[in-house]
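Tertiary structure, described
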Amino acid sequence: IIEEPGIVPKEQELTVMGTTADKIAEKIASQLKSNVVDLSGHRTVRQILEEARLDTDGLKNLISKGHDPCHGLYIFAQNFASVLGEQLSEMKETRQFVKIVSNAEDEYQPGGPPLSPLTISYFTMWALFDVLFGQSHETIGTCILRIGQLIEMPPWLLDVIGLMQRSTMGVHVHCGCEGHLVRLRALGSQETRLCHVPSGYAGHPGELWFIRQLPPANALFDYHIVFNTPYILVDVTERMFSDYVAREIERMGSRTLPGKLEASAYIMKHGPTANHWNEYIFRAYTGHQHEAVFLTGIPD
């Protein structure tokens, strides 16, 4: 999937959708068929599609304002997912999700330094694509993928949201710059990837970055996107963080993980607890500048 960005095997997506997403899809399908006016004043999914202006005018506006085109695709998809997520959060099936995110907002006050080290770019992606809820361990992202065809979402938008759903926070090693792009290597990997960093932070070789790296949104791009303002780990080595992940894997034991994720991927995406990475960022914060936030220490 990663080697062919933008292509989401539909049969694979359906296999990972659980009962919570199915219930939500059934309700929306029933609403669309009934054409009954929602007397509560809530917007219908069709209205959301219209408001999101899927004729790509919104995307063109982002690019005209100077956003990198690949980054613009992801911003557009995130904005759409946020609007649709608000609608889904009004359903009883997502009550657990609403409680987790609301409590996290109260606890960590996301917005960015100096008020909070949890930036909006980090927190929004965590809420939409990492927070698990329901007995079937859904995220808002998996629910959107499940209902996408029902509400006639364009295939390209489903593809981009699929890439965002499969993404995770991770630790990456700075391996130098090439022009305006930064070359990063994921912890434990030998492969390096050229990345566009929208915040403008260029950094220095050898730095460890805690980031959400998104693949090329489609075949027109050959670089990745560092979607959140980079968290730079100070006085932390590759070995220190690798040893931490190994300890966390050992603590998980033989636990069965949702989504058929490997233990290390599950830890970086969902954490041992819902607020694990929020708490780490909050406690590890040691300073910031406009383009980056600095953390120190390891989670345990």
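Further up the page is the structure itself.
What this report covers is the structure whose coordinates are included nearby. (Residues numbered from 1 in each chain as written. Predicted model: local features only at pLDDT ≥ 70, side-chain atom pairs only at ≥ 80, totals over all residues. Heavy atoms only, no water.)

A count of helical and extended segments in the chain gives 12 helices and eight strands. Here the chain holds 300 residues, and 50% of them are scored as buried. Restricting to contacts in the chain with at least 6 residues of sequence separation, those with at least 24 account for 66%. (Helix = DSSP H or I, 4+ residues; strand = E, 2+ residues; numbered from the N terminus. Buried < 20%, exposed > 50% of the residue type's maximum accessible area, 1.4 Å probe, protein only. Contact = heavy atoms within 4.5 Å.)

On to the packing of aromatic side chains, then. In total, this model carries 15 aromatic pairs according to the counting rule given. Relative to Tyr223, the ring of Phe221 has its centre 5.9 Å away and its plane inclined at 70°; by these criteria the two rings are edge-to-face. Pair check on accessibility: Phe221 and Tyr223 agree, each one buried. Ring centres 5.8 Å apart and planes at 80° place the aromatic pair Trp277 and Tyr280 in the edge-to-face group. Of this pair, Trp277 and Tyr280 are both found in helix H12 (residues 276–284), three residues apart, which corresponds to roughly one turn of the helix. Tyr280 carries the same exposure label as Trp277, and that label is buried. Every member of this aromatic cluster is reached through a ring pair, and the members are Tyr122, Phe210, Tyr231, Phe241, Tyr244, Trp277 and Tyr280. (Phe/Tyr/Trp six-rings, centres within 6.5 Å; stacked < 30°, edge-to-face > 60°.)

Taken together, the four bridges between strand E2 (residues 181–186) and strand E3 (residues 192–196) define a ladder with antiparallel strand orientation. Note on E3: the bridge partner recorded for Arg185 is Thr192. Adjacent in sequence and paired antiparallel, E2 and E3 are bridged by five residues, among which Gly188 carries a positive phi angle near 85°. Pairing analysis gives two bridges linking E3 to strand E5 (residues 224–226), with the strands arranged parallel. Each residue of the ladder has a partner; that of His196, found in E5, is Ile225. (Pairing = 2+ DSSP bridges.)

A few words now on the side chain of Lys269. Position of Lys269 among the secondary structure elements: in helix H11 (residues 263–270). Within the local environment of Lys269, its side chain forms a polar contact with the backbone oxygen of Gln165, the two atoms lying 2.9 Å apart. (Polar contact = N/O pair within 3.5 Å; in protein donor to acceptor, adjacent residues only side chain to side chain.)

Further remarks concern the pattern of salt bridges. Throughout the structure, instances matching the rule amount to 12 salt bridges. Across the salt bridge formed by Arg146 and Asp22, the nearest N and O atoms sit 2.8 Å from each other. Taken together, the positions of Arg146 in helix H8 (residues 140–147) and Asp22 in helix H2 (residues 19–34) put the pair 124 residues apart, joining distant regions of the chain. Since its relative accessible area comes to 25%, Arg146 is described here as partly exposed. According to the relative accessible area criterion, Asp22 is partly exposed, its value standing at 25%. Measuring nitrogen to oxygen at the nearest pair gives 2.7 Å for the salt bridge that ties Lys269 to Asp130. Note that Lys269 is positioned in helix H11 and Asp130 in the loop between helix H7 (120–129) and H8, a separation of 139 residues in sequence. Overall, the relative accessible area of 7% leaves Lys269 in the buried class. Through salt bridges with shared partners, one network takes in Arg247, Glu248, Arg251 and Asp300. (Salt bridge = Lys/Arg side-chain N within 4 Å of Asp/Glu carboxyl O.)

As a rule of thumb, soluble globular proteins bury nonpolar side chains together. Counting 73 residues, the largest nonpolar core has Tyr74, Phe210 and Phe241 as its most contacted members. The element contributing the most residues to this core is helix H5 (residues 69–88), with 10 residues. Beyond its immediate sequence surroundings of up to four residues, Phe210 is in contact with Met169, Gly170, Val171, Asn228, Pro230, Tyr231, Leu233, Met268, Trp277, Ile281 and Leu295. Grouped together as the second largest cluster of nonpolar side chains are 11 residues, Cys195, Tyr201, Val226 and Ala292 included. (Core = buried A, V, L, I, M, F, W, Y, C linked by side-chain atoms within 4.5 Å.)

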